[in-house]
Amino acid sequence: MKPEVHAAFLAPLVDEADRLLGEGQVDGLLRAATVDRALVSDRSAWISLEVCQDLVHALVTASGDPLFVRRTARLAYDATYMGPLRGLLRTFGHPASAYEQMTKALARFNKVGELSVLERGAGRVVLRYVTAEGAPRETEPLVCLGRLENIAALPTLFDLPMATVRHPTCLHEGADACIYEVEFTARIPRWRSRLGFLAGGATAAVLASQASSAFASPALVVGGAGLLGAVGIWSFFRQLELKWDVAAQARTVLETNEALTQSVTQLEERFEQLQDAKSAVERRVEERTAELHRTTGQLAQTLEELRGLSEAKTNFFANVSHELRTPLTLILAATKKLAEALESSPEVVSLDANARRLHRLIDQLLDVSKVDAGKATLSTSPIDVTQLVDACVDPFRLAATERGLELETEVDAPHVLELDAEWMSNALTNLLANALRYARGRISVRAHDTGGDITFEVSDDGPGIPAEDLERVFERFERASDERSRSGTGLGLAIVKEAARLHGGSASVESQQDKGSVFRIQLPRVVARRSPVPVLRTEVSHPTRGVDGARVGDVHAPLVLVVEDHPDLARFIVEVLSARYQVQAFGDAESALAAATVLRPAAVVTDVSLPGISGLELTGRLRNTPKTSDLPIVLVTARGEPHHVLEGFDAGADDYLVKPFHGRELLARLDVHMRVRRLGARLAHQERLATLGVLAASVAHHVRNPLTALVSGLPAVRKKLEGKVDPRTEEMLGLFVECAHRIERITLDLLDLSRVDREEEGELVPGQGLMAAVRLLSARLPDDITVETEVDLETRVSGRPGDLNHVFLNLIDNAARAVGARGRIFVSGTAEAGRYVITVEDSGPGFDDDIVDRALEPFVTSRVSGEGTGLGLSVADDVMRAHGGSVVLGTSERLGGACVTLNFPLRLETSLEVSA
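All of these numbers come straight from a predicted model, not from anything done at the bench.

The rules behind these values
Residues numbered from 1 in each chain as written. Predicted model: local features only at pLDDT ≥ 70, side-chain atom pairs only at ≥ 80, totals over all residues. Heavy atoms only, no water. Helix = DSSP H or I, 4+ residues; strand = E, 2+ residues; numbered from the N terminus. Contact = heavy atoms within 4.5 Å. Areas by Shrake-Rupley, 256 points an atom, 1.4 Å probe, with all protein chains shown as cover. Axes fitted to C-alpha atoms, helices over the stretch in contact; angles between N-to-C directions. Parallel < 35°, antiparallel > 145°, perpendicular 65-115°, else oblique. Left-handed = near helix turned anticlockwise from the far one by under 90°. Phe/Tyr/Trp six-rings, centres within 6.5 Å; stacked < 30°, edge-to-face > 60°. Buried < 20%, exposed > 50% of the residue type's maximum accessible area, 1.4 Å probe, protein only. Lys NZ or Arg CZ within 6 Å of the ring centre and 35° of its normal. Arc of directions from axis to C-beta. Polar contact = N/O pair within 3.5 Å; in protein donor to acceptor, adjacent residues only side chain to side chain. Patch = residues over 30% accessible without salt bridge, like charges linked within 9 Å, V, L, I, M, F, W, Y side chains within 5 Å. Salt bridge = Lys/Arg side-chain N within 4 Å of Asp/Glu carboxyl O. Lys, Arg positive; Asp, Glu negative; His and termini not counted. Charge placed at Lys NZ, Arg CZ, Asp CG, Glu CD. Pairing = 2+ DSSP bridges. Core = buried A, V, L, I, M, F, W, Y, C linked by side-chain atoms within 4.5 Å. pLDDT = per-residue confidence, 0-100. Nonpolar A, V, L, I, M, F, W, Y, C, P; charged D, E, K, R; others polar.

### So, the overall build of the chain
So, step 1. Helix and strand counts for the chain stand at 25 helices and 25 strands.
So, step 2. Taking as baseline every contact in the chain between residues at least 6 positions apart, the subset at least 24 positions apart corresponds to 70%.
So, step 3. Total accessible area on the chain stands at roughly 49700 Å², and carbon and sulfur atoms take up 55% of it.

This is the structure we're talking about:
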């Protein structure tokens, strides 16, 4: 049985709240408490104690009436809520029996509490309310108050005054139960007075009948006396009933008067508070009015200064833009000649495209300056609408084709109109440029005759414009709030609006998220009476196609990821960095983030404004990813304000480079961060070596002397006992010899790890060392393991022969242990591009995913406990770093197992050092 209460308990509260607050507000409170209004009137509905308490608290708080609970608790005995039960109780019951029935009936309507009678007497009863077993404890005091008021109001069911209730202990004060000591008026019901009257009348009738048989007159006297007695008895009891009723009504009047007095007191207090608040508001209004008068003069002066600044800004833009056009014209002329001389090399094409883009931006600034200065005018001429649309659309067809977009036009308008060709070409070109930037598959350009107007439409199926930006897209210098759309100057759509306004028309936009946008220019239709003049083809420049993401630069150099959505700038950064690094470029942050976790680059160079997630968010995600948390990250952006720089560093960037920048500066900054990273790794590595050196010295002191005796003595003992002991003993001796060699190998690994930078360098042939390691291990390998080699035996390198040969032996031994029965091993060594590259591949299970990222750290191994130390690959990595090379772990395409690649230069310019 669930611990719930009957929903009917809430009916009086909800009805009273409807009267005070209105059904609308009460519906809101019911929804907040997850209660359906229909549930309250449902005779079979139940709700949890928690919901009941929340709703009671909400209704009382909203009413603002301290007597709300008391009043609604008394309403519970109204005929509206009790129904026929009220009439039955009034006819056949009395207060004492009603209290008895209350304790029994509560169990049918309340599953969270139990009510029982502790004591009963004449006009008195003691009730006890406790929490039912397994039910939650009541926490809302208002519920307890309602229960107390309900107990006190029960005598009113019989037109008696309310009972007096004492509440010595309460659940809400920490007690185990609520105790209610009830005193009520137990009056004689009216039926007693009526019964007395009937009894007296009957007695009179009997006496009269007996007397009439003997005496006529005495019978009459006795009957009259009996009748008078009956009337007297009735009058006595009726007088008592009326007295009790008057007392009850007087008590009710007194209680009502007390409640009214309390309400009036509260209203007086509230009125005084409102009066004080009104006086405070009036004083504040007077103060603000005086302050407004004082500042009016200052505002007027400030407004005049702002007008002067605005005019100066407009003149500045106009003068600067005009002065920039002269050198830009010379640049465009030079790029044209260069293109002809160099047969359109990529560098010249990029130079020409960006110069034209700059020319267009300057033209836009001049147009805006003219509008601000009030000098923008129209120079209309007869224009063929079809020719105008074609002249604007044709320059975009090639770029649309490269992006896989369908570009369609539709003209349904008078052939010749009076228009300003320059303004309209600028407007349509700006709309087409925006559509080309965001379209996913289709761009449509239409010109329609709508009667008195001509409407130009440019639509796309792109991501659409956020709803919050639609009202301000045509405002000057405004850009979309969406980070993906924050490129550009914010002037293009402002020029569209000005072009429409100058023609006496308007510009508008309709857009839906993920369904595209439709821009409209609606102009008055002014049909020309002259022949049309030619419309010059609009010259526009588009960014060249983006980089394909292929790696550029030395494959053995550290990998740097470049994230830049502007193709020309991305190509420039890649070209600069590829002189020293291996570089891979991405046009968006999502692709770069996915690649970074897999490729583990040495550094990341990213723009801030990117499609999708921004460069700042990319930086934060890289920092929060364990595999990329320590990468050097350089932000490249056009935003150079101090707060933008601080945002970059707060996101986790290591450096912040503001456009325009020199390529050598970017390369120098990246080199610094790479050197700092290598220095930190070197210091950490040297600290590890120092620790391991102590360990190696201890091992050499305590292990090598007894180990030498074991390694040299055990084979002699085995040989001497050969054929003289049982096979089991011979097998144990062989195991002892193998264990001694394993301990020797572990000791040598520890010593090598602590002294990789102590041996003097010399010349060696690495191929010969590889083959020696193969021959040494082949003698110990089972016959079913195949070892294939493809080794250059002529190339010589400078280095430490002992260290390198030990690495070769470790790697081939690791492969032999991994392949198992019928396994294959492939060893290669070749000289290429001034470096010697060695690969050891096997057919084993390969590297485990959970340790591959840490496999080069000391003591990391995938072997079972006791079979490996985890030092072999760590020693190899240290030796390769000391020789200016690296160790790369991967998967063998040839054999399917592990592949370990070593590469190091043939000649070192300086003496060997341990590097990171």
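### Concerning the packing of helix α17 (residues 589-599) against helix α18 (residues 615-624)
So, step 1. At a minimum axis distance of 10 Å, the contact between α17 and α18 shows a crossing angle of 15°. The angle between α17 and α18 falls in the class roughly parallel. Considering the relative orientation of α17 and α18, their crossing is right-handed. Taken together, the residues of α18 that come into contact with α17 (itself represented by Ala 589, Glu 590, Leu 593 and Ala 596) are Leu 618, Arg 621 and Leu 622.

### Considering the packing of aromatic side chains
So, step 1. Applying the stated criterion to the full structure yields four aromatic pairs.
So, step 2. Judged by centre distance (5.4 Å) and plane angle (40°), the rings of Tyr 99 and Phe 184 are tilted. Within this pair, whereas Tyr 99 is found in helix α8 (residues 95-105), its partner Phe 184 is found in the loop between β6 (178-183) and α10 (190-212), the two being separated by 85 residues in sequence. No difference in accessibility class separates Tyr 99 from Phe 184, as the two residues are buried.
So, step 3. We note Lys 111 situated over the ring of Trp 46; from NZ or CZ to the ring centre the distance is 4.0 Å.
So, step 4. One Lys or Arg, Arg 894, reaches over the ring of Phe 826 and ends 3.7 Å from the middle of that ring.

### Some points on α8
So, step 1. Of all the positions in α8, only Pro 95, Ala 98, Tyr 99, Met 102 and Thr 103 are classed as buried. Angular distribution of buried residues about the axis of α8 spans 140°; they occupy a single face of the element.
So, step 2. Its buried side turned inward, α8 meets β3 (113-121), β4 (124-131), α9 (141-152) and β6.

### Side note on the side chain of Thr 429
So, step 1. Along the chain, Thr 429 falls in helix α14 (residues 421-438).
So, step 2. In this structure Thr 429 comes out as buried when scored by relative accessible area, which is 1%.
So, step 3. Separated by 2.6 Å, the side chain of Thr 429 and the backbone oxygen of Ser 425 make a polar contact.

### Describing unusual backbone geometry
So, step 1. The phi dihedral of Thr 34 is positive, around 60°, even though this residue is not glycine.
So, step 2. One can find Thr 34 in the loop between α2 (23-32) and α3 (37-40).
So, step 3. With a relative accessible area of 65%, Thr 34 lands in the exposed category.
So, step 4. Positive phi values are uncommon outside glycine, yet Ala 833 reaches one of about 50°.
So, step 5. Note that Ala 833 resides in the loop between β22 (824-832) and β23 (835-842).

### So, a negative patch on the surface
So, step 1. A grouping of Glu 268, Glu 269, Glu 272 and Asp 276 is seen on the molecular surface, where their side chains present a negatively charged patch.
So, step 2. If you trace the backbone, Asp 276 turns up in helix α11 (residues 216-341).

### As for the pairing of strand β11 (residues 453-460)
So, step 1. In terms of burial, β11 is largely enclosed, as seven of its eight residues are buried.
So, step 2. Sheet topology note: the strand β10 (residues 442-449)/β11 ladder contains seven bridges and is antiparallel. Residue pairing across strands places Arg 446 opposite Glu 457, the latter belonging to β11.

### Brief notes about the environment of Gly 802
So, step 1. When you line up the elements, Gly 802 lands in helix α24 (residues 801-819).
So, step 2. Separated by 33 residues in the primary sequence, Gly 802 and Gly 769 place their C-alpha atoms 9.4 Å from one another.

### Thoughts on the environment of Pro 155
So, step 1. Looking at the element boundaries, Pro 155 is found in the loop between α9 and β5 (164-166).
So, step 2. For Pro 155, a relative accessible area of 0% puts it in the buried group.
So, step 3. Placed 56 residues apart in sequence, Pro 155 and Tyr 99 show a C-alpha to C-alpha distance of 9.1 Å.
So, step 4. Apart from the residues lying within four places of it in its own chain, the contact partners of Pro 155 are Tyr 99, Leu 160, Pro 161, Ala 163 and Phe 184.

### Here's the deal with the nonpolar core
So, step 1. Grouped together as the largest cluster of nonpolar side chains are 57 residues, with contacts concentrated most on Leu 10, Leu 59, Tyr 99, Tyr 129, Ile 151, Tyr 180 and Val 182.
So, step 2. Counting only elements with at least two residues in this core, the list comes to α1 (11-21), α2, α4 (49-63), α5 (68-74), α8, β4, α9 and β6.
So, step 3. Top element by residues in this core is α4. It accounts for seven residues.
So, step 4. What Leu 59 contacts, discounting residues up to four positions off in sequence, is Leu 13, Val 14, Ala 17, Val 26, Leu 29 and Phe 68.

### Examining the confidence of the model for the chain
So, step 1. Of all residues in the chain, 71% have pLDDT values of 70 or greater, and the mean over the chain is 77.
So, step 2. Mean pLDDT in the chain bottoms out at α10, which sits at 58, and peaks at β6, which reaches 93.
So, step 3. Throughout residues 482-487 the model reports pLDDT below 50, and contacts reaching past four residues in sequence, or to other chains, amount to 22 contacts.
So, step 4. A low-confidence stretch, residues 909-916 stays under pLDDT 50, and its non-local contacts, those more than four residues away or across chains, total 22 contacts.

### A look at the packing of helix α13 (residues 385-402) against α14
So, step 1. Remark: α13 packs on α14, axes separated minimally by 9 Å, with the N-to-C direction vectors making an angle of 25°. Considering their axes alone, α13 and α14 lie roughly parallel with respect to each other. Judged by the twist between their axes, the crossing of α13 over α14 is right-handed. Contacts from Leu 388, Cys 392, Val 393, Phe 396, Ala 399 and Ala 400 of α13 reach α14 at Ala 421, Met 424, Ser 425, Leu 428, Thr 429, Leu 432, Ala 433 and Leu 436.
So, step 2. A breakdown of the residues in the contact of α13 with α14 according to their chemical character gives twelve nonpolar, two polar and no charged.

### Brief notes about the sheet that holds β11
So, step 1. A sheet is described by the order of its strands in space; here five strands give the open sequence β8-β10-β11-β13-β12, paired in mixed fashion. For this open sheet the edge positions go to β8 (406-412) and β12 (506-512), each flanked by a neighbour on one side alone. Strand after strand, the sheet turns through a mean of 10° between neighbouring axes, direction not considered.
So, step 2. With seven bridges joining them, β8 and β10 adopt parallel strand pairing. Residue Leu 407 lies in a different strand from β10, and its bridge partner there is Ile 443.
So, step 3. With respect to the sheet, α13 is in contact with β8, β10 and β11, its orientation differing from that of β8 by roughly 175°.
So, step 4. Set on the sheet, α14 makes contact with β8, β10, β11 and β13 (516-524); between it and β11 the angle comes to about 25°.

### Things to note about the pattern of salt bridges
So, step 1. Under the defined criterion, the tally for this structure stands at 33 salt bridges.
So, step 2. When the shortest N-O distance is used, the salt bridge between Arg 70 and Glu 149 registers 2.8 Å. Placement of the pair is Arg 70 in helix α5 and Glu 149 in helix α9, with a sequence separation of 79 residues.
So, step 3. When its relative accessible area of 32% is taken as the criterion, Arg 70 is described as partly exposed.
So, step 4. Each of Glu 16, Arg 19, Asp 65 and Arg 71 takes part in a single network of salt bridges with overlapping partners.

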